[in-house]
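Descriptive structure summary
If you want the building blocks of each chain, they are given just below.
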Amino acid sequence: MSMVAAFYSNKSILITGATGFLGKVLMEKLFRTSPQLKVIYILIRPKAGQTLQERVFQILNSKLFEKVKEICPNVHEKIRPISADLNQSDLAISKEDMQELLSGTNIVFHCAATVRFDAHLREAVQLNVIATQKLLLMASQMSKLEAFIHISTAFSNCNLKRIDEVIYPCPVEPRKIIDSMEWLDDAIIDEITPKLIGDRPNTYTYTKALGEMVIHQESGNLNVAIIRPSIVGASWQEPFPGWIDNINGPSGLIIASGKGFLRSLRATPMAIADVIPVDTVVNLTIAVGWYTAVHRPKSTLIYHSTSGNLNPCLWHDMGLKVLAAFEKIPFERAFRRPYVDFTTNNFTTQYWNAVSHWAPAIIYDFYLRLTGRKPRMLKLMNRLLRTISMLEYFINHSWEWSTNNTEMLLSELSPEDQRVSMEVRQPSHANHWLEYIENYVLGIKKYLLKEDLAGIPKAKEHLRRLRNIHYLFNTALFLIVWRLLIARSQTARNVWFLIMTCPLRQEPKSPARR
Ligand SMILES: CCCCCCCCCCCCCCCCCCCCCCCCCCCC(=O)SCCNC(=O)CCNC(=O)[C@H](O)C(C)(C)COP(=O)(O)OP(=O)(O)OC[C@H]1O[C@@H](n2cnc3c(N)ncnc32)[C@H](O)[C@@H]1OP(=O)(O)O
Ligand SMILES: NC(=O)C1=CN([C@@H]2O[C@H](COP(=O)(O)OP(=O)(O)OC[C@H]3O[C@@H](n4cnc5c(N)ncnc54)[C@H](OP(=O)(O)O)[C@@H]3O)[C@@H](O)[C@H]2O)C=CC1
């Protein structure tokens, strides 16, 4: 067992956001590599008619946990779900559960957050700031606590171009924002939100920055560290390549382009696509937990989990790799053949939206109406375009993140731990990106779209049919336009005459005739 894995033996760990994308992979890795750990407490709320136990059961029965169940057959006994709602001011944890958490917890990983870009400021402050504050307060009463690890985002200071592993001051103190949420009504909050978030694109990045500030100001004597991942994508290697279970970040757009809905995207081709595999982030998180508890750095250390500084992949290259992956691994029942143009200004974006998104949607809806079905494509297209407008900011800017603390931490690891942590940095090397993207697309097909791989030949056949329809449609359109032109314009008729006679006049005389 590696040094870091051994550290977690016999530990009681508290994870918030354990039902989320990152939290699940973190929990899986902890159980798989440190099966001797004592217990993982997870703060979890009943949701969608499911009890806590049903939610845990669903996670343990997912593909993600298959390996864990072999290595740690009693994993279900080691997960202790604690009913909690971070939207409530007291976190809605019962007295008994609170007592158990306060007396038992050794390490806290705080992953829970609202990651929605359109969250109302009140909701985002409640979850990303106030809940963090409450958890810190709880942590300060934990008698055996060794480390508190907070997951933030590399974009919390996306208003800057170069971002160091430091906390940047916020123009308005988090305390004041928290207080004001108590007495301001929603209409006033809506009005002041643009002024508060300033040159950040949304309430998410703003409240994540406030959350960091709260950690900085209110962590007292706790051993605290902050991790800032960039755009978290499917797993690179662990527990298996390509694992993904939500449509956030690039995944939704990869689906939309693979299914042929997304045909153009306002993007800066030369901007860096700072995607980082989820297992890379988790390995760093686990190593940071160990380092913070064992080495107890004097100040709060911040760790960037980014890829662009090691070996950047540009959006242009990432896009081409995604398209290349669709050739091998097509999605089923595509609306059109996958092809995406990057547009770079308002005019071309609007033009291509009209030609490539709205026009086909309107034509298809017309066809649905004709065949007695309910039109739905225009609605879907509009939702897609709304989503794109929320994500656009991140595909049109580049950032430079320093990674000194992350590098320092890697150098502190044993060779065995280094191998694990360095290995998952591989997709950052140019020729590994294609392999990563292929596994990502495959993961989306298998785990998100739940499509059978046996259907790939049929999906390819469908794409070939779509290509033929596309050529046929273009040829027919060209002929109609040309015919109309010839009927109405003398110039067009002259050109047509020239074309028709040109090859005859240039024909070389055959030697036989000479
Ligand atoms: C020059 C020539 C060049 C030529 C090159 C050729 C190039 C070819 C390119 C081809 C390949 C293209 C693919 C490339 C991929 C590009 C990806 C770029 C992605 C950039 C992502 C940046 C993310 C930044 C991350 C910041 C990191 C973080 O810290 S936070 C984590 C990330 N958080 C999120 O991602 C949350 C975002 N989502 C939201 O905020 C909300 O979902 C929403 C506001 C967007 C929508 O909310 P709404 O209330 O409408 O409802 P909701 O229920 O949530 O969803 C409604 C429908 O929208 C769909 N949906 C949701 N999210 C996405 C998504 N990310 N992508 C696509 N679709 C999404 C969802 O399915 C719902 O649809 P329906 O079911 O149909 O209703
Ligand atoms: N995904 C990404 O690209 C990036 C993520 N991050 C950060 O990583 C962390 C995890 O993100 P990710 O896993 O992607 O997000 P998810 O949306 O997948 O998960 C969010 C988690 O928070 C929980 N949660 C939300 N609201 C509450 C609540 N009121 N009470 C209790 N739990 C709640 C969710 O529980 P439930 O299942 O009940 O909704 C879920 O477990 C976040 O802090 C995020 O800011 C940083 C950079 C990029």
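All values reported here derive from a predicted model rather than from experimental measurement.

As a further point, take the site of ligand 1. Around ligand 1, 31 residues are found, and the nearest of them are Arg116, Phe117, Tyr204, Gly249 and Arg386. One nitrogen or oxygen atom from the main chain of Ile247 is found 3.0 Å from a nitrogen atom belonging to ligand 1. Considering ligand 1 on its own, with 1,600 Å² of exposed area, one finds that the protein chains cover 79% of that surface. Among the elements of the structure, α11 (250-258), α13 (315-328) and α15 (377-395) are those that each provide at least two residues to the shell around ligand 1. In terms of residue class, the shell around ligand 1 is built from 18 nonpolar, nine polar and four charged.

This next bit is on the sheet that holds strand β7 (residues 224-229). Taken in spatial order, the seven strands line up as β3-β2-β1-β4-β5-β7-β11 in an open sheet, and their pairing is parallel. The two strands at the open ends of the sheet, each matched to only one other strand, are β3 (79-83) and β11 (301-305). Across the sheet, the mean angle from the axis of one strand to that of its neighbour is 20°, orientation sign disregarded. As judged from the four bridges shared by strand β1 (residues 12-16) and strand β4 (residues 107-110), these two strands associate in the parallel manner. Bridge pairing in β4 places Ile13 opposite Ile107. The strands that helix α7 (residues 121-140) touches are β1, β2 (39-44), β4 and β5 (147-151); relative to β5, the one it contacts most, it runs at about 170°. Against the sheet, helix α10 (residues 203-218) engages β5 and β7, with an angle of about 160° to β7.

Moving on, we come to α11. Burial runs high along α11: eight of the nine residues are buried. Within α11, the full set of buried residues consists of Pro250, Ser251, Leu253, Ile254, Ile255, Ala256, Ser257 and Gly258. Once α11 ends, the next one or two residues include Gly260, with phi positive near 85°.

It is worth spelling out the environment of Leu14 at this point. Note that Leu14 resides in strand β1. In sequence terms Leu14 and Val39 are 25 residues apart; their C-alpha atoms lie 8.5 Å from each other. Apart from the residues within four sequence positions on either side, Leu14 is in contact with Tyr41, Leu43, Leu101, Thr105, Ile107, Val108, Phe109, Met138 and Met142.

All right, on to the site of ligand 2 then. Taken together, 26 residues surround ligand 2, and among them Thr19, Lys47, Arg55, Tyr204 and Lys208 come closest. Between ligand 2 and Thr19, the relevant distance is 2.6 Å, taken from an oxygen atom to a side-chain nitrogen or oxygen of the residue. One of the backbone N or O atoms of Leu22 is found 2.9 Å from an oxygen atom in ligand 2. Across the complex, the protein chains shield 90% of the 890 Å² of accessible surface that ligand 2 would expose by itself. At the level of elements, α2 (21-33) and α10 are the ones that each hand at least two residues to the shell around ligand 2. Grouping the amino acids of the shell around ligand 2 by side-chain chemistry returns 13 nonpolar, eight polar and five charged.

A separate point is the domain arrangement of the chain. Where interface size is given, it is often the accessible area lost as the parts come together that is meant. Assigned domains of the chain: these are domain 1 (3-240 + 274-312 + 399-446) and domain 2 (457-513). Centre-to-centre, using C-alpha coordinates, domain 1 lies 59 Å away from domain 2.

Definitions and cut-offs
- Every chain's residues receive numbers from 1 upward, in the order its sequence appears when written.
- For this description, chains carry letters from A and ligands carry numbers from 1, given in the order in which they are written.
- Per-residue local features are limited, in this predicted model, to residues with pLDDT of at least 70; the limit for side-chain atom pairs, both in listing and counting, is 80 or more; totals at the level of whole chains, interfaces and linings are taken over all residues.
- Hydrogens and water molecules were not included; the side-chain quantities draw on all heavy atoms of the structure.
- Put simply, a residue is near a molecule or strand once any heavy atom of it comes within 4 Å of that molecule or strand.
- Two N or O atoms form a polar contact when they lie within 3.5 Å of each other; inside protein one atom must be a possible hydrogen donor and the other a possible acceptor, and for residues adjacent in sequence the pair counts only when both atoms belong to side chains.
- Computed with the Shrake-Rupley method and a 1.4 Å probe, the accessible areas treat only the protein chains shown as cover for residues.
- Helix and strand definitions here come from DSSP, where helices need a minimum of 4 consecutive H or I residues and strands a minimum of 2 consecutive E residues; each element is numbered from the N-terminal end.
- Note on residue classes: Ala, Val, Leu, Ile, Met, Phe, Trp, Tyr, Cys and Pro are nonpolar, Asp, Glu, Lys and Arg are charged, and everything else, Gly too, is polar.
- Pairing between two strands is assigned when DSSP locates at least 2 bridges connecting them.
- Here an axis means a line fitted to C-alpha atoms, over the contact stretch when the element is a helix, while the angle between two N-to-C directions is reported on a 0 to 180 degree scale.
- By the convention used here, residues are in contact when the closest approach between their heavy atoms is within 4.5 Å.
- Accessibility here uses a 1.4 Å probe with only protein chains present; expressed as a share of the type maximum, an area under 20% marks a residue as buried, one over 50% as exposed, and anything in between as partly exposed.
- The domain limits used here are those given by an automatic or database domain assignment.

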